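Coordinate analysis (summary)
So you can see what is in the structure, the chains are spelled out below.
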Amino acid sequence: MNAFSRRGACPALAAPMQTGDGLLVRLNPVAGGLSPESLIGLAESALRHGNGIMEVTARGSLQIRGLTAESAQLLATEVDALGIAVRTGVPVETGPLAGIDPQEIADPRPPAEQIRTAVEEAGLTQRLGPKVSVIVDGSGQLTMDTLTADVRLAATGTDAGVRWRVAVAGDGQNARPLVTVEDDAARDIAVAVLRMIAEKGREARARDLSERQLAYLAGWHSVAPPSVLPDISPTRGEIAHSRSPSPISMASEGGPAPGLPISPLVGEMSGRTEGGAKELRPIGIFDLAEAGIALGIALPYGSMPADKIIALTQSAITLDTTEIRLAPGRALLFLGQPSSANRALQHTAATLGFVTSPADPRTRIAACPGTPACASGRIATRDIAETIAAENADSLDFTLHVSGCAKGCAHPGSAALTIVGGENGAGLVVNATAKALPAGYRPGYDAARGISRVAALIRSTRYQGETAAACLTRLGPAAIAEAYRQE
């Protein structure tokens, strides 16, 4: 299997990944945002070299689809010509308003950059699987709570000042909490977690750490953190202290960081789902005080034709937008324009088909490209999603996943309801992933009608004050599947 076709790989600009509609590349600007002119340049490249579809992922990455091996190289050359520096290595993610949000408890960029530096100096990038990630959250208006990560640092205010909550293996709701510490210790613990993961091989994630290792990490707040991670046995989880100074602390003082030995590689790579336990909707207006206003506009299902992105961005230029940031939650944040311009920009976006309201029912639906865009798709996912959103907006208070095949690319985690294309038509999976066995089927062209039957059942049986999601749970898979199959 070649590098382009490995599932679970991150499709970086220098290493595109094979998908059902050609090669896909994913990029994150180092600067955090793009000038409008640069975004237009990227969209024009997508039209020239790909299939003209651009995406913003649940984690806020930009994707360009439908490339060939030759056109991917041309795209990379044009990205360089545009002067867009993209991140490589272990993802250490901060929020889309990091450093400019007056509601942040702390600026997450300095600790994030120190973690990146320490990871590179330790040689961890080559030792870790491509889906291992770190989140450093300043806890502002747009938190990173919905996104999963192997290591999470979240700023919190205490009587003693700003501290960082450190947790592992999950999103803001279900990650395993370790300790709340000052910034230096938090950064050291984050790097130690990554080194522990690396010791277990490229298939390992933070969820694979032993209780003994987690207890050791949680105890760092009471002692001076060691400089190098103790030797750890991948099979036994054993640890032993080292008492030299912290490499991150030394780096911050201008001294050289000591070497960080790591055991040989074990295994290959594994994947990570995008998304999280709760919903992130960076849509609407966000007050940045002295930095002005940020206007969030989302891509329906995270995807739009490049020509529509060009049209929206050209309108933004006329309204004096100076920067466009990619935002987790499949959105774009427009900055720099006067507040009086936001309504005009929203109107243009709505006319072009973008999502301009957090109440838009399309924000509740995850849908991959499906047919005809993706060769792996068995159903026209986007057409089905649009019909469901238009006809059942009052019942969509849960996550609905429309997947062209069982891979479930748009929403790898569980969803309340999943329509999945297969040999038998459009199957309905209840409270599971697209890989699960469907509870019922109907023809792919008629899948939206099946969901309308389920919505009608919800309307007729839900109790006063009961959410649609709670009603689905009460009804159970058998009743939901029966409604879905009804003619």
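Everything below is about the structure shown above.
Residues numbered from 1 in each chain as written. Predicted model: local features only at pLDDT ≥ 70, side-chain atom pairs only at ≥ 80, totals over all residues. Heavy atoms only, no water.

Okay, the nonpolar core next. The biggest cluster of nonpolar side chains holds 40 residues, and the ones touching the most others in it are Ile115, Leu153, Ile189, Leu194, Ile197 and Leu217. Put simply, the parts of the chain that give this core at least two residues each are helix H3 (109-121), strand S7 (134-137), strand S8 (149-158), strand S9 (161-170), strand S10 (176-181), helix H4 (183-199) and helix H5 (211-218). The dominant element in this core, judged by the number of residues it contributes, is H4, at 11 residues. Setting aside chain neighbours within four positions, we find Leu217 in contact with Leu178, Ile189, Ala192, Val193, Met196 and Leu209. (Core = buried A, V, L, I, M, F, W, Y, C linked by side-chain atoms within 4.5 Å. Buried < 20%, exposed > 50% of the residue type's maximum accessible area, 1.4 Å probe, protein only. Helix = DSSP H or I, 4+ residues; strand = E, 2+ residues; numbered from the N terminus. Contact = heavy atoms within 4.5 Å.)

A few words now on helix H8 (residues 342-352). For H8, the complete set of buried residues consists of Asn342, Leu345, Ala349 and Leu352. Looking straight down H8, one finds that the buried residues subtend no more than 90 degrees of arc, so they occupy a single side. Exposed and oriented more than 90 degrees from the buried face of H8 are Arg343, His347 and Thr351. At its buried positions, H8 is contacted by strand S11 (284-287), strand S12 (293-298), strand S13 (303-305), helix H7 (306-318) and strand S15 (331-335). (Arc of directions from axis to C-beta.)

Attention now moves to helix H1 (residues 36-49). In this model H1 runs 20 Å from its N-terminal to its C-terminal C-alpha over 14 residues, within 8% of the 20 Å that 1.5 Å per residue would give. Within the span of H1, buried status applies to Pro36, Ser38, Leu39, Ile40, Gly41, Leu42, Ala43, Ser45, Ala46 and His49. (Expected span 1.5 Å × (residues − 1).)

What follows covers the pairing of S11. Both S11 and S12 contribute to a ladder of 4 bridges, which runs antiparallel. For Ile285, the partnering residue across the bridge sits in S12 and is Leu295. (Pairing = 2+ DSSP bridges.)

It is worth spelling out the pattern of salt bridges at this point. Counting across every chain of the model gives 17 salt bridges. Here Arg109 makes a salt bridge to Asp107, at a shortest N to O gap of 2.8 Å. (Salt bridge = Lys/Arg side-chain N within 4 Å of Asp/Glu carboxyl O.)

Judged by pairing direction, the sheet is mixed, and its 5 strands sit side by side in the order S16-S17-S18-S19-S20 without closing on themselves. The sheet terminates laterally at strand S16 (365-367) and strand S20 (440-442), the two strands that pair on one side only. For this sheet, the mean angle separating the axes of adjacent strands, direction not counted, is 20 degrees. The pairing of strand S17 (residues 400-403) with strand S18 (residues 415-422) spans 4 bridges and is parallel. Along S18, the bridge assignment pairs Ser403 with Val420. Contacts between helix H10 (residues 447-461) and the sheet are confined to S17, S18, strand S19 (425-432) and S20, with S18 contributing the most and set at about 155 degrees to the helix. Where helix H11 (residues 468-485) meets the sheet, its contacts fall on S18, S19 and S20, and the angle it forms with S20 comes to roughly 35 degrees. (Axes fitted to C-alpha atoms, helices over the stretch in contact; angles between N-to-C directions.)

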